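Residues per chain, in single letters:
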Amino acid sequence: MEMLPVKPERKAQLENYAHRHEQDTAAALDEVLANYLEWRSRTIGNLSSNPNHRESVQAILKGYEDVKADAPVRDRFSGGVAREYCFPL
């Protein structure tokens, strides 16, 4: 079995999860990963059947990626969205 690198803080979270659920670490990782992949599959399935949902999720993911990348989100946000919903800047 190939070993994958895991950040120490993620490993600690996984070990904590395993302890709380009375599992060994490998079983906990398998469970968490399976749950995530199932959720992701359902989410992607919903995207194809509901265009409004697809647009919303895509916008949220783009915003998240912008924030993660420290992009100038405020400049983009101050355009239409802020005006449309009367957000104070």
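Everything that follows concerns the structure shown earlier in this document.
The model shown is predicted, which means the values in this text are computed figures rather than measured ones.

Digging into unusual backbone geometry
Here's step 1: In the Ramachandran plot, E22 falls in the positive-phi region, its phi being about 50° despite a non-glycine side chain.
Here's step 2: For E22, the location among the structural elements is in the loop between α1 (8-20) and α2 (25-49).

Quick notes on α1
Here's step 1: Taking 1.5 Å of rise per residue, the 13 residues of α1 would be expected to cover 18 Å, and the 18 Å separating its terminal C-alpha atoms lies within 8% of that figure.
Here's step 2: Buried within α1 we find L14, Y17 and A18. All buried residues of α1 fall inside an arc of 100° around its axis, so they share one side. Every exposed residue of α1 that faces more than 90 degrees away from the buried side is listed here: P8, H19 and R20.
Here's step 3: At the C-terminal side of α1, E22 shows a positive phi close to 50°.

What counts and how
- Residues numbered from 1 in each chain as written.
- Predicted model: local features only at pLDDT ≥ 70, side-chain atom pairs only at ≥ 80, totals over all residues.
- Heavy atoms only, no water.
- Helix = DSSP H or I, 4+ residues; strand = E, 2+ residues; numbered from the N terminus.
- Expected span 1.5 Å × (residues − 1).
- Buried < 20%, exposed > 50% of the residue type's maximum accessible area, 1.4 Å probe, protein only.
- Arc of directions from axis to C-beta.

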